[in-house]
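Residue-level structure breakdown
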Amino acid sequence: MNVHTRTGNLADSTASVLEKLGVPAKAYKGGTLAVRSPITGEIIAQCAETSAAEAKAIIGRARDAALAWRKVPAPQRGELIRLFAHEIRAAKNELAQIIAFEVGKVWSEAVGEVQEMIDIADFAVGLSRQLYGLTLTSERANHRMMETWHPVGVVGVISAFNFPAAVWSWNSAIGIVCGNSIVWKSSEKTPLSALAAQAIFERGAEKFGGVPQGLSSLFIGGAHLGELLVDDERVPLVSATGSTAMGKKVGPRLAQRFARMILELGGNNASIVCPSADLDIASARNRLLVDGHRRPALHDVAGRLFVHESVYDKLVPRLKAAYASVPIGDPRDAKTLIGPLIDKRSFEGQQKALEEVKALGAPITGGERMMADKYPDAYYVKPAIVEMPSQVSPMTHETFAPILYIVKFKTLEEALKLQNATAQGLTSSIFTTDMREAEFFLSDQGSDCGAANVNIGPSGPKSAVPSR
């Protein structure tokens, strides 16, 4: 089956692919959690939800698995992840199809997410032979100091809908290689991608043989399961991806019990276009990265664009023309470059933000809903360009929808001050052919994001590259 071949309804197509991936039918048929495809708005599955009692039992098994797994030599743990990566490669198209059906990603984007899973698994395999510790010089006579890194135990993973499988793989591949077990609470909007990824992992584990029961486990359901994972004393580390509002809830609860945390929160990524920039590159890198799945959430596109006043009137018309011509529609169509928003809430968030800037008198290009007559329960929208007089709300807040805010600047220092002025910011980029500007941007006086890029868009970190 090819994602670009539309035969039958989406529910049947989804069930067929899940069956091929080895996901048991009871996991996605007859359950209480309805899964809607943003492509048409129709229900494509009814998933069985994890009860609180089941969740607690899963954590218990994960704890036992961690105690057993830490005894396995790290290179052997890497072998499990190598086999997992092999299974992902074999099922790449099928997993990408599920992601496309469930999230509405265009095909290249869905395949790209699966490739990220393969990449991090390959990285983790290499890491399994490089779990080094330092030997340190002591001020004591006849004394040696050395550090050894030990597994923490159970690692909890809470993932968001926009990268429904890759985020889990980033955490689980490295966590398992380091001797830990994984308990994953997927987004309630994307349980099918989680079920598919878990089934692929289990195939790799079967080929490895002797994997402790509960080494990788999955919660399906609402936010209460994430809260349970955050509050359980048996989970010493939780990695959570989501909004800053979610982080403000999760962080203090983990800190209250002295648990460790990895929080990847809201994105409000920015690009700066300098006077010397190659405008062909700048326009190409900023024009199509607007689908509402990657834009605000995970690294890859600019929600804010700061353009020097000397090139503003040359660049912005190019972007408007590109936005107006980009194919929008069903992501199963090979010609589509922008698919639907995930749901009505995302659409309403976009419209609310546009109403706010409209009240400020800011010119708006695009932003209209499309195909509502054909798909009344799906939300296709034109990406919006908003020319802002200054950086004010809602530009300073994350909006999970395709909006590009543009502001003029006079000096690079001014642009950097604007870029760094928001609470959110995963990645950033600068377009310039001036070496001094590029180096200043990358310095400790420049971008405050974890990933700073030169002459490319604010592309997502790969493998183990951190972000703010």
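Details of the structure are given in the entry above.
The sections below set out a description of the structure shown in this document.

1. Some thoughts on the packing of helix α3 (residues 74-90) against helix α5 (residues 107-127)
Contact pair α3 / α5: the axes reach a minimum separation of 9 Å and the direction vectors enclose 160°. Taken together, the axes of α3 and α5 are roughly antiparallel relative to one another. Seen from above, α3 lies across α5 with left-handed handedness. Side by side, α3 and α5 meet where Gly78, Ile81, Arg82, Ala85, Ile88 and Arg89 of the first sit next to Val114, Met117, Ile118, Ala121, Asp122, Ala124 and Val125 of the second. Taken together, the residues that form the contact of α3 with α5 break down as nine nonpolar, one polar and three charged.

2. Let's talk about the sheet that holds strand β5 (residues 154-158)
On the basis of which strands lie adjacent, the open sheet formed by five strands has the order β7-β6-β5-β8-β9 and parallel pairing. At either margin of the open sheet sits one strand with a lone partner, and together these are β7 (216-219) and β9 (260-264). Strand-to-strand, the axes of this sheet are offset by a mean angle of 15°, without reference to chain direction. Where strand β8 (residues 237-241) and β9 come together, five bridges link them in parallel fashion. Of the residues in β9, the one forming a bridge with Thr241 is Glu264. Relative to strand β6 (residues 181-185), helix α2 (residues 52-69) is tilted by about 155°, and along the sheet it contacts β5, β6 and β7. Of the strands in this sheet, β5, β6, β7, β8 and β9 touch helix α6 (residues 166-177), which is tilted by about 165° from β6.

3. Regarding the side chain of Thr336
Take Thr336: it is sitting in the loop between α11 (312-325) and α12 (344-359). In this structure the side chain of Thr336 is engaged in a polar contact, spanning 2.8 Å, whose partner is the backbone oxygen of Asp330. When residues no more than four places from it in sequence are discounted, the contact partners of Thr336 are Val106, Pro327, Ile328, Gly329, Asp330 and Pro331.

Definitions and cut-offs
Residues numbered from 1 in each chain as written. Predicted model: local features only at pLDDT ≥ 70, side-chain atom pairs only at ≥ 80, totals over all residues. Heavy atoms only, no water. Axes fitted to C-alpha atoms, helices over the stretch in contact; angles between N-to-C directions. Helix = DSSP H or I, 4+ residues; strand = E, 2+ residues; numbered from the N terminus. Parallel < 35°, antiparallel > 145°, perpendicular 65-115°, else oblique. Left-handed = near helix turned anticlockwise from the far one by under 90°. Contact = heavy atoms within 4.5 Å. Nonpolar A, V, L, I, M, F, W, Y, C, P; charged D, E, K, R; others polar. Pairing = 2+ DSSP bridges. Polar contact = N/O pair within 3.5 Å; in protein donor to acceptor, adjacent residues only side chain to side chain.

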